[in-house]
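Remarks on the overall topology
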Amino acid sequence: MTASKQRVSYFYQPDVGHFYYGPSHPMKPHRIKMAHHLILGYGLYRQMECYRSHPASPNEMSAFHSEDYINFLAKVTPDNLRGYSNQMQKFNVGEYTDCPVFDGLYEFTQLYTGASLDGAVKLNRGDADVAINWSGGLHHAKKSEASGFCYINDIVLAILELLKVHARVLY
């Protein structure tokens, strides 16, 4: 049996590295941009198909997450968070958690989630053997709660997409 070359799909959104959790927070999205520059610098992009992913829609994210939680994430900003103090506690978001409110929070979730969903669709169609999304893997988020730096659980959403075609998904 001869080994065939695996088809690798790489999903990247250039804006994903521009978000900032805050000065003392260990999550640093700019590292995603640094990884992308290494991929370019070492020519690894020549070994895979590269795609700009779509931003996930509220409807796509609500396949797992509650609508009120998604609506909250879409509305809360550093400028208006005082008006959301009850919801911030309910959804485990804010200054006294590991999931702060930062500029572009909702857009960040849309970008990393869209890339994971695009990868799952590519796998489901048989257009790729491997799908890479360095911005994803934020699997701690719960249905209606942020947790562990994670706001939207892109892994659960990608698994739900994969289950449309595959009987089982190993995670």
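Everything below is about the structure shown above.
This report concerns the structure included in the present document. Keep in mind the model is a prediction, meaning the values are calculated, not measured. (Residues numbered from 1 in each chain as written. Predicted model: local features only at pLDDT ≥ 70, side-chain atom pairs only at ≥ 80, totals over all residues. Heavy atoms only, no water.)

1. Digging into the overall build of the protein
Under the convention used in this document: Think of it this way: any DSSP run of H or I at least four residues long counts as a helix, any run of E at least two long counts as a strand, and we number them from the N terminus. As a reference, a globule follows 2.2 Å times the number of residues to the power 0.38, and the radius of gyration itself is taken over C-alpha atoms. We call two residues contacting when some pair of their heavy atoms lies within 4.5 Å. Calculation of accessible area relied on Shrake-Rupley with a 1.4 Å probe; when residues are assessed, cover is drawn exclusively from the protein chains displayed. In this count, Lys and Arg are taken as positive residues and Asp and Glu as negative ones, while His and the chain termini are left out. A charge is said to be at NZ when it belongs to Lys, at CZ for Arg, at CG for Asp and at CD for Glu.
The helix and strand tally for the protein stands at six helices and three strands. Going from N to C terminus, the protein has its helices and strands arranged as β-α-β-α-α-α-α-β-α. Rg of the C-alpha trace for the protein: 17 Å, near the compact-globule value of 16 Å for 171 residues, within the 12% margin. By its C-alpha atoms, the protein is 60 × 40 × 20 Å across when sized along the principal axes. Here the contacts in the protein between residues at least 6 apart in sequence split such that 70% fall between residues at least 24 apart. Approximately 9800 Å² of the protein is accessible, and the part contributed by carbon and sulfur atoms is 54%. Measuring between centres, the 16 positive side-chain charges of the protein sit 5 Å from its 16 negative side-chain charges.

2. A short note on the packing of aromatic side chains
Our working rule: Aromatic rings from Phe, Tyr and Trp, with only the six-membered ring used for Trp, were paired whenever their centres fell within 6.5 Å, and each pair was classed as stacked if the ring planes differed by under 30 degrees, edge-to-face if by over 60, and tilted otherwise. Residue exposure (1.4 Å probe, protein chains only): buried if accessible area is under 20% of the type maximum, exposed if over 50%, otherwise partly exposed.
Using the criterion set out here, one finds twelve aromatic pairs in the structure. Ring plane angle 50° and centroid distance 5.4 Å describe the contact between F19 and F108, whose orientation is recorded as tilted. Note that F19 is positioned in the loop between β1 (8-11) and α1 (30-41) and F108 in helix α5 (residues 105-124), a separation of 89 residues in sequence. One exposure class covers both F19 and F108, and it is buried. Between F72 and Y84, the ring centres sit 5.9 Å apart and the planes meet at 70°, which makes this aromatic pair edge-to-face.

3. Focus: the pattern of salt bridges
As a reminder, the rule being used: Any carboxyl oxygen of Asp or Glu within 4 Å of a side-chain nitrogen of Lys or Arg constitutes a salt bridge here.
One pass over the full model with this rule turns up four salt bridges. Residues R7 and D129 are paired through a salt bridge, measuring 3.1 Å at the closest nitrogen-oxygen approach. Linking R7 in the segment before β1 with D129 in the loop between α5 and β3 (130-132), this pair joins segments that are 122 residues apart in sequence. With a shortest N-O distance of 2.9 Å, E161 and K164 are connected by a salt bridge.

4. Focus on the sheet that holds β1
Rule in force here: At least two bridges found by DSSP between two strands are what make those strands a pair. Helix axes use the C-alpha atoms of the stretch in contact, all axes being lines fitted to C-alpha atoms, and the angles between their N-to-C directions lie in the range 0 to 180 degrees.
If you trace the three strands from one edge of the open sheet to the other, you get β2-β1-β3, paired in parallel fashion. Each having just a single partner strand, β2 (49-51) and β3 make up the two edges of the open sheet. Here the average twist between neighbouring strands, direction ignored, is 20°. Where β1 and β2 come together, three bridges link them in parallel fashion.

5. A few points about the side chain of S53
One can find S53 in the loop between β2 and α2 (58-61). Looking at S53, the relative accessible area reads 4%, which means it is buried. Residue contacts for S53: discarding those within four places in its chain leaves F11, Y12, Q13, L111, G114, A115 and D118.

6. As for the state of the cysteines
Simply put, disulfide is the name for a covalent bond between the sulfur atoms of two cysteines. As a reminder, the rule being used: Here, two cysteine sulfur atoms that lie within 2.5 Å of each other are counted as a disulfide.
Scanning the model with the defined rule gives zero disulfides in all. C150 provides the cysteine sulfur closest to C99, a residue in no disulfide bond, and the two sulfurs are 6.7 Å apart. Among the residues examined, C99 registers a relative accessible area of 0% and is labelled buried.

7. A word on helix α3 (residues 67-75)
Cut-off, in case you're wondering: The arc in question is traced by the directions running from the helix axis to the C-beta atoms.
All of the buried residues in α3 are Y69, I70, F72 and L73. All buried residues of α3 project into a common sector of 155° when viewed along the axis, lining one side. Those residues of α3 hidden inside the fold are in contact with α2, α4 (85-90) and α5.

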